[in-house]
Amino acid sequence: MPAKQKRIAIVVHGGAGEDSEFLRKHKKEYEKGIEKAMNAGYNVLAKNGSAVDAVEQAVIELENSPIFNAGRGSALNALGQVEMDAAIMDGKTMNSGAVALLQNVKNPISLAKAIMLNTKYRFLGAHGALDYAKRIHTSLEPDSYFITEYQYDEYAKKVKEEFLDTKEIALDEINQRYHGTVGAVALDEDGNLAASTSTGGTPNAKEGRIGDSCVIGAGCYANNDRCAISGTGDGEFLIKSVLAHSISACIAYKKMSVQEACDYVIFKENKKIDGDIGAICLDKAGNIGIAFNSERMIRGYKATGKRPFIKIYK
Ligand code: ASP
(Lines give C-alpha, C1' and ligand atoms only; values in the text may rest on other atoms or scores of the structure.)
Protein backbone atom coordinates (compact mmCIF):
# COMPACT_ATOMS: atom_id res chain seq x y z
CA MET A 1 0.00 0.00 0.00
CA PRO A 2 1.50 3.43 -0.86
CA ALA A 3 2.41 5.52 2.18
CA LYS A 4 -0.29 8.04 3.04
CA GLN A 5 0.69 11.49 1.82
CA LYS A 6 1.47 13.71 4.77
CA ARG A 7 -0.32 17.01 5.07
CA ILE A 8 1.58 20.24 4.58
CA ALA A 9 0.05 23.70 4.80
CA ILE A 10 0.95 27.38 4.78
CA VAL A 11 -1.33 30.29 5.61
CA VAL A 12 -0.20 33.91 5.18
CA HIS A 13 -1.66 37.33 5.87
CA GLY A 14 -0.82 40.85 4.77
CA GLY A 15 -2.60 42.74 7.53
CA ALA A 16 -6.07 43.51 8.85
CA GLY A 17 -7.51 47.01 8.80
CA GLU A 18 -9.64 49.52 6.98
CA ASP A 19 -10.19 49.50 3.28
CA SER A 20 -8.29 52.27 1.51
CA GLU A 21 -7.94 53.85 -1.87
CA PHE A 22 -4.35 52.65 -1.99
CA LEU A 23 -5.46 49.09 -1.36
CA ARG A 24 -8.19 49.19 -4.00
CA LYS A 25 -5.74 50.64 -6.51
CA HIS A 26 -3.12 47.98 -5.79
CA LYS A 27 -5.45 45.01 -5.19
CA LYS A 28 -3.79 42.85 -7.86
CA GLU A 29 -0.31 43.56 -6.47
CA TYR A 30 -1.45 42.61 -2.98
CA GLU A 31 -2.91 39.35 -4.28
CA LYS A 32 0.26 38.62 -6.25
CA GLY A 33 2.39 39.37 -3.19
CA ILE A 34 0.37 36.96 -1.07
CA GLU A 35 0.55 34.30 -3.77
CA LYS A 36 4.32 34.68 -4.04
CA ALA A 37 4.70 34.38 -0.27
CA MET A 38 2.41 31.33 -0.15
CA ASN A 39 4.36 29.63 -2.89
CA ALA A 40 7.72 30.43 -1.30
CA GLY A 41 6.59 28.85 1.97
CA TYR A 42 4.88 25.93 0.28
CA ASN A 43 7.98 25.12 -1.82
CA VAL A 44 10.03 24.79 1.36
CA LEU A 45 7.44 22.40 2.83
CA ALA A 46 7.11 20.39 -0.40
CA LYS A 47 10.86 19.68 -0.26
CA ASN A 48 10.45 18.33 3.24
CA GLY A 49 11.71 21.60 4.73
CA SER A 50 10.74 22.67 8.23
CA ALA A 51 7.74 24.77 9.20
CA VAL A 52 10.19 27.30 10.69
CA ASP A 53 12.00 27.71 7.35
CA ALA A 54 8.67 27.91 5.51
CA VAL A 55 7.27 30.74 7.62
CA GLU A 56 10.59 32.57 7.34
CA GLN A 57 10.62 32.31 3.53
CA ALA A 58 6.99 33.40 3.21
CA VAL A 59 7.60 36.46 5.37
CA ILE A 60 10.86 37.33 3.57
CA GLU A 61 8.84 37.64 0.33
CA LEU A 62 6.43 40.03 2.03
CA GLU A 63 9.20 42.01 3.75
CA ASN A 64 10.89 42.47 0.36
CA SER A 65 7.71 43.77 -1.23
CA PRO A 66 7.23 47.56 -0.99
CA ILE A 67 3.43 47.37 -0.64
CA PHE A 68 3.29 45.56 2.71
CA ASN A 69 4.04 47.26 5.99
CA ALA A 70 7.07 45.16 6.91
CA GLY A 71 10.72 45.38 5.90
CA ARG A 72 10.74 47.55 2.76
CA GLY A 73 7.52 49.60 2.83
CA SER A 74 7.36 49.83 6.62
CA ALA A 75 5.19 52.55 8.11
CA LEU A 76 7.02 55.61 9.38
CA ASN A 77 6.84 56.69 13.00
CA ALA A 78 6.09 60.22 14.19
CA LEU A 79 9.69 61.22 13.53
CA GLY A 80 9.59 59.84 9.99
CA GLN A 81 11.72 56.83 10.91
CA VAL A 82 11.31 53.12 10.28
CA GLU A 83 11.27 50.92 13.41
CA MET A 84 10.48 47.27 12.69
CA ASP A 85 9.26 44.45 14.95
CA ALA A 86 9.23 40.72 14.15
CA ALA A 87 8.94 37.34 15.85
CA ILE A 88 9.17 33.68 14.95
CA MET A 89 8.18 30.67 17.06
CA ASP A 90 8.87 26.96 16.60
CA GLY A 91 5.91 24.85 17.74
CA LYS A 92 8.09 21.79 18.30
CA THR A 93 10.55 23.28 20.79
CA MET A 94 8.41 26.28 21.69
CA ASN A 95 11.54 28.38 21.32
CA SER A 96 11.12 31.80 19.83
CA GLY A 97 13.17 34.73 18.58
CA ALA A 98 12.07 38.34 18.35
CA VAL A 99 13.32 41.81 17.45
CA ALA A 100 11.88 45.22 18.21
CA LEU A 101 12.64 48.79 17.07
CA LEU A 102 14.93 47.41 14.42
CA GLN A 103 16.47 49.62 11.76
CA ASN A 104 18.36 48.91 8.54
CA VAL A 105 18.05 45.11 8.64
CA LYS A 106 16.62 43.97 5.30
CA ASN A 107 14.78 40.96 6.74
CA PRO A 108 13.88 41.32 10.42
CA ILE A 109 12.32 37.83 10.40
CA SER A 110 15.67 36.20 9.57
CA LEU A 111 17.33 38.07 12.40
CA ALA A 112 14.57 36.87 14.75
CA LYS A 113 15.21 33.31 13.56
CA ALA A 114 18.96 33.67 14.10
CA ILE A 115 18.30 34.89 17.65
CA MET A 116 16.06 31.86 18.26
CA LEU A 117 18.54 29.35 16.89
CA ASN A 118 21.93 30.77 17.75
CA THR A 119 21.72 32.78 20.95
CA LYS A 120 20.73 32.27 24.54
CA TYR A 121 18.28 35.19 24.20
CA ARG A 122 14.70 35.34 22.98
CA PHE A 123 14.27 39.03 22.30
CA LEU A 124 16.68 41.75 21.20
CA GLY A 125 15.75 45.38 20.66
CA ALA A 126 17.03 48.45 18.85
CA HIS A 127 20.82 48.95 18.75
CA GLY A 128 21.52 45.56 20.41
CA ALA A 129 19.60 43.77 17.68
CA LEU A 130 21.38 45.80 15.00
CA ASP A 131 24.74 45.06 16.56
CA TYR A 132 23.96 41.32 16.49
CA ALA A 133 22.82 41.62 12.86
CA LYS A 134 26.16 43.20 11.95
CA ARG A 135 28.07 40.52 13.79
CA ILE A 136 26.40 37.74 11.84
CA HIS A 137 26.61 39.67 8.57
CA THR A 138 22.87 39.95 7.97
CA SER A 139 21.96 42.00 4.88
CA LEU A 140 21.64 45.67 5.77
CA GLU A 141 20.09 48.46 3.73
CA PRO A 142 20.20 52.27 4.02
CA ASP A 143 17.13 54.11 5.39
CA SER A 144 16.13 55.10 1.86
CA TYR A 145 15.55 51.43 0.92
CA PHE A 146 12.77 51.04 3.48
CA ILE A 147 10.93 54.31 2.90
CA THR A 148 8.45 54.05 0.04
CA GLU A 149 6.67 56.97 -1.58
CA TYR A 150 3.33 55.85 -0.17
CA GLN A 151 4.54 55.64 3.42
CA TYR A 152 6.35 58.95 3.10
CA ASP A 153 3.18 60.63 1.78
CA GLU A 154 1.18 59.20 4.69
CA TYR A 155 3.73 60.61 7.09
CA ALA A 156 3.88 63.99 5.36
CA LYS A 157 0.05 64.25 5.43
CA LYS A 158 -0.01 63.70 9.19
CA VAL A 159 2.80 66.18 9.81
CA LYS A 160 0.87 68.79 7.84
CA GLU A 161 -2.36 68.08 9.76
CA GLU A 162 -0.55 68.33 13.07
CA PHE A 163 1.14 71.54 12.02
CA LEU A 164 -2.18 73.14 11.17
CA ASP A 165 -3.94 71.77 14.24
CA THR A 166 -3.83 73.74 17.46
CA LYS A 167 -4.93 70.96 19.80
CA GLU A 168 -2.55 68.26 20.90
CA ILE A 169 -3.24 64.97 19.18
CA ALA A 170 -3.67 61.94 21.42
CA LEU A 171 -1.54 58.91 20.67
CA ASP A 172 -4.50 56.71 19.81
CA GLU A 173 -5.76 59.26 17.32
CA ILE A 174 -2.43 59.22 15.60
CA ASN A 175 -2.59 55.46 15.04
CA GLN A 176 -4.32 55.33 11.70
CA ARG A 177 -6.22 52.21 10.87
CA TYR A 178 -4.16 51.29 7.88
CA HIS A 179 -2.26 48.10 8.51
CA GLY A 180 -0.19 45.93 6.23
CA THR A 181 1.65 43.81 8.72
CA VAL A 182 2.56 40.36 7.48
CA GLY A 183 2.59 36.90 8.98
CA ALA A 184 2.63 33.19 8.22
CA VAL A 185 1.84 29.89 9.91
CA ALA A 186 2.94 26.50 8.57
CA LEU A 187 2.66 22.76 9.09
CA ASP A 188 5.51 20.59 7.80
CA GLU A 189 5.66 16.92 6.81
CA ASP A 190 6.93 15.94 10.23
CA GLY A 191 3.84 17.43 11.85
CA ASN A 192 5.60 20.50 13.23
CA LEU A 193 4.00 23.92 13.38
CA ALA A 194 5.60 27.39 13.28
CA ALA A 195 4.45 31.00 13.25
CA SER A 196 6.03 34.28 12.18
CA THR A 197 4.93 37.92 12.15
CA SER A 198 6.71 41.04 10.90
CA THR A 199 5.72 44.71 10.84
CA GLY A 200 6.73 48.32 10.50
CA GLY A 201 4.20 49.06 13.25
CA THR A 202 1.38 51.57 13.09
CA PRO A 203 1.85 54.76 11.06
CA ASN A 204 2.85 57.93 12.91
CA ALA A 205 3.21 56.14 16.24
CA LYS A 206 5.47 57.65 18.86
CA GLU A 207 9.11 56.65 18.36
CA GLY A 208 9.92 53.69 20.58
CA ARG A 209 6.39 52.30 20.35
CA ILE A 210 6.43 48.48 20.18
CA GLY A 211 3.36 46.57 19.00
CA ASP A 212 2.14 43.00 19.36
CA SER A 213 3.85 41.45 16.34
CA CYS A 214 7.07 40.73 18.22
CA VAL A 215 5.31 39.83 21.47
CA ILE A 216 5.01 36.07 21.91
CA GLY A 217 1.43 35.21 22.89
CA ALA A 218 0.02 38.44 21.45
CA GLY A 219 0.85 38.60 17.72
CA CYS A 220 2.73 35.32 17.35
CA TYR A 221 2.50 31.89 18.95
CA ALA A 222 3.15 28.24 18.06
CA ASN A 223 2.75 25.04 20.03
CA ASN A 224 2.62 21.66 18.25
CA ASP A 225 -0.01 20.41 20.70
CA ARG A 226 -2.34 23.33 19.99
CA CYS A 227 -1.82 25.47 16.89
CA ALA A 228 0.28 28.19 15.24
CA ILE A 229 -1.06 31.75 15.08
CA SER A 230 -0.06 35.06 13.54
CA GLY A 231 -2.07 38.14 14.50
CA THR A 232 -2.59 41.58 13.03
CA GLY A 233 -4.48 44.77 13.80
CA ASP A 234 -4.11 47.42 16.48
CA GLY A 235 -1.21 46.06 18.48
CA GLU A 236 -2.33 47.65 21.74
CA PHE A 237 -5.51 45.52 21.59
CA LEU A 238 -3.72 42.33 20.61
CA ILE A 239 -1.43 42.82 23.60
CA LYS A 240 -4.36 43.56 25.92
CA SER A 241 -6.24 40.45 24.81
CA VAL A 242 -3.07 38.29 24.59
CA LEU A 243 -4.72 37.33 21.35
CA ALA A 244 -2.60 34.48 20.00
CA HIS A 245 -2.27 32.69 23.31
CA SER A 246 -5.99 33.14 24.06
CA ILE A 247 -6.86 31.42 20.78
CA SER A 248 -4.49 28.56 21.60
CA ALA A 249 -5.96 28.26 25.11
CA CYS A 250 -9.47 27.84 23.66
CA ILE A 251 -8.13 24.94 21.61
CA ALA A 252 -6.30 23.36 24.55
CA TYR A 253 -8.84 23.83 27.33
CA LYS A 254 -12.18 24.31 25.59
CA LYS A 255 -11.46 21.77 22.86
CA MET A 256 -12.55 24.22 20.18
CA SER A 257 -11.56 23.81 16.55
CA VAL A 258 -9.11 26.40 15.19
CA GLN A 259 -11.94 28.28 13.45
CA GLU A 260 -14.17 28.22 16.54
CA ALA A 261 -11.28 29.48 18.68
CA CYS A 262 -10.49 32.38 16.30
CA ASP A 263 -14.19 33.34 16.11
CA TYR A 264 -14.65 33.10 19.87
CA VAL A 265 -11.65 35.25 20.78
CA ILE A 266 -12.16 37.86 18.05
CA PHE A 267 -15.94 38.19 17.95
CA LYS A 268 -17.08 37.20 21.46
CA GLU A 269 -14.34 37.69 24.01
CA ASN A 270 -13.19 40.95 22.39
CA LYS A 271 -16.42 42.15 20.86
CA LYS A 272 -16.32 45.41 22.82
CA ILE A 273 -12.92 46.56 21.66
CA ASP A 274 -12.89 49.56 19.41
CA GLY A 275 -10.07 48.49 17.15
CA ASP A 276 -9.03 46.10 14.42
CA ILE A 277 -7.97 42.56 15.26
CA GLY A 278 -7.40 39.55 13.07
CA ALA A 279 -5.60 36.21 13.10
CA ILE A 280 -4.64 33.23 10.99
CA CYS A 281 -4.38 29.87 12.71
CA LEU A 282 -3.34 26.33 11.77
CA ASP A 283 -3.32 23.04 13.67
CA LYS A 284 -1.41 19.79 13.34
CA ALA A 285 -4.14 18.17 11.27
CA GLY A 286 -3.91 21.01 8.72
CA ASN A 287 -7.17 22.67 9.82
CA ILE A 288 -7.19 26.40 9.10
CA GLY A 289 -8.85 29.15 11.12
CA ILE A 290 -9.13 32.76 9.91
CA ALA A 291 -11.05 35.61 11.56
CA PHE A 292 -10.94 39.42 11.58
CA ASN A 293 -13.29 42.17 12.72
CA SER A 294 -11.96 44.77 10.26
CA GLU A 295 -13.10 45.68 6.75
CA ARG A 296 -10.41 43.53 5.28
CA MET A 297 -7.58 41.17 5.98
CA ILE A 298 -5.36 40.20 3.09
CA ARG A 299 -4.89 36.45 3.38
CA GLY A 300 -4.25 33.22 1.57
CA TYR A 301 -3.38 29.56 2.01
CA LYS A 302 -2.00 26.60 0.15
CA ALA A 303 -2.43 23.17 1.71
CA THR A 304 -2.62 19.48 0.86
CA GLY A 305 -6.11 18.57 -0.31
CA LYS A 306 -7.31 22.20 -0.52
CA ARG A 307 -7.61 24.57 -3.44
CA PRO A 308 -5.21 27.52 -3.07
CA PHE A 309 -7.12 30.46 -1.63
CA ILE A 310 -6.50 34.24 -1.67
CA LYS A 311 -8.93 36.88 -0.47
CA ILE A 312 -8.82 40.47 0.76
CA TYR A 313 -12.35 41.39 1.84
CA LYS A 314 -14.93 39.40 3.84
N1 ASP B 1 -0.18 44.73 14.82
C2 ASP B 1 0.72 45.67 14.22
C3 ASP B 1 1.19 46.64 15.28
O4 ASP B 1 0.38 47.10 16.06
C5 ASP B 1 0.06 46.46 13.12
C6 ASP B 1 -0.66 45.65 12.09
O7 ASP B 1 -1.04 44.51 12.32
O8 ASP B 1 -0.84 46.16 11.00
O9 ASP B 1 2.34 46.98 15.29
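Bear in mind the structure is a predicted one, so any value in this text is a computation, not a measurement.

Reading the values: rules and limits
For every chain, the first residue of the written sequence is number 1, and numbering continues from 1 onward in sequence order. In keeping with the model being predicted, local features are shown solely for residues with a pLDDT of at least 70 and side-chain atom pairs are shown and tallied solely at 80 or more, while totals for entire chains, interfaces and linings include all residues. Remark: hydrogens and water are excluded; side-chain values derive from all non-hydrogen atoms of the structure. Think of each axis as a best-fit line through the C-alpha atoms, taken over the contacting stretch in the case of a helix, with angles from 0 to 180 degrees between the N-to-C directions. Counting from the N terminus, the helices are DSSP H or I runs at least four residues long and the strands are E runs at least two residues long. For this classification, under 35 degrees means roughly parallel, over 145 means roughly antiparallel, 65 to 115 means roughly perpendicular, and everything else is oblique. Two helices crossing with the near one rotated counterclockwise from the far one by less than a right angle form a left-handed crossing, whereas a clockwise rotation gives a right-handed crossing. Contacts are residue-level and defined by heavy atoms, with any inter-residue pair within 4.5 Å sufficient. Residues are grouped as follows: Ala, Val, Leu, Ile, Met, Phe, Trp, Tyr, Cys and Pro are nonpolar; Asp, Glu, Lys and Arg are charged; every other residue, Gly included, is polar. Per-residue accessibility, obtained with a 1.4 Å probe over protein chains only, is compared with the maximum for each type, and a residue is labelled buried under 20%, exposed over 50%, and partly exposed between these values. Take the buried residues of types Ala, Val, Leu, Ile, Met, Phe, Trp, Tyr and Cys, join any two whose side-chain atoms come within 4.5 Å, and each joined set is a nonpolar core. DSSP calls a pair of strands paired once it identifies at least 2 bridges connecting them.

Enquirer: Explain the packing of helix H10 (residues 243–253) against helix H11 (residues 258–269) residue by residue, including any values.
Expert: Two measures define how a pair of helices packs: the angle their axes make with one another and the distance between the axes. Close contact between H10 and H11 brings their axes to 8 Å; oriented N to C, the two are set at 130°. Considering the angle they form, H10 stands oblique to H11. As H10 packs across H11, the resulting crossing turns out to be right-handed. Each of Leu 243, Ser 246, Ile 247, Cys 250 and Ile 251 in H10 lies in contact with H11, whose residues at this interface are Val 258, Ala 261, Cys 262, Tyr 264, Val 265, Ile 266 and Glu 269. Taken together, the residues that form the contact of H10 with H11 break down as ten nonpolar, one polar and one charged.

Enquirer: So what about unusual backbone geometry? Which residues, and what values?
Expert: Phi at Met 94 is positive, roughly 60°, even though this residue is not glycine. Inspection of the secondary structure assignment puts Met 94 in the loop between strand E2 (84–90) and strand E3 (96–102). Note on Met 94: relative accessible area 35%, which makes it partly exposed. In this structure, Asn 204 is a non-glycine residue whose phi angle is positive, near 60°. Looking at the element boundaries, Asn 204 is found in the loop between strand E6 (193–199) and strand E7 (220–223).

Enquirer: So what about the nonpolar core? Which residues, and what values?
Expert: Grouped together as the largest cluster of nonpolar side chains are 52 residues, with contacts concentrated most on Ile 10, Val 12, Tyr 30, Phe 68 and Leu 111. Contact partners of Phe 68, with chain neighbours within four places excluded, come to Gly 14, Tyr 30, Gly 33, Ile 34, Leu 62, Gly 73, Ser 74, Gly 180, Val 182 and Ile 298. Counting residues in each nonpolar core, the second largest holds 43 residues, with Tyr 221, Met 256, Cys 262 and Ala 303 among its members.

Enquirer: Explain the packing of helix H2 (residues 27–46) against helix H3 (residues 51–64) to me, and be specific about the residues and the numbers.
Expert: Axis separation between H2 and H3 bottoms out at 8 Å; the angle between their running directions is 155°. Judged by the angle between their axes, H2 and H3 are roughly antiparallel. Where H2 crosses over H3, the two elements pack in a sense that is right-handed. In this structure, H2 uses Gly 33, Ile 34, Lys 36, Ala 37, Ala 40, Gly 41, Val 44 and Leu 45 to contact H3, whose residues at the interface are Ala 51, Asp 53, Ala 54, Gln 57, Ala 58, Glu 61 and Leu 62. Residue classes in the contact of H2 with H3 are distributed as nine nonpolar, three polar and three charged.

Enquirer: For the pairing of strand E11 (residues 296–303), give the residues involved together with the corresponding values.
Expert: The buried fraction of E11 is high, at seven of eight residues. Where strand E1 (residues 9–17) meets E11, seven bridges bridge the pair, whose relative direction is antiparallel. Bridge pairing in E11 places Val 12 opposite Gly 300. Where E11 and strand E12 (residues 309–313) come together, four bridges link them in antiparallel fashion. Looking at the pairing, Gly 300 lines up with Ile 310 of E12. Hairpin connection from E11 to E12: five residues lie between these consecutive antiparallel strands, with Gly 305 at a positive phi of about 80°.

Don't take any of this as a statement about function, it's just geometry.
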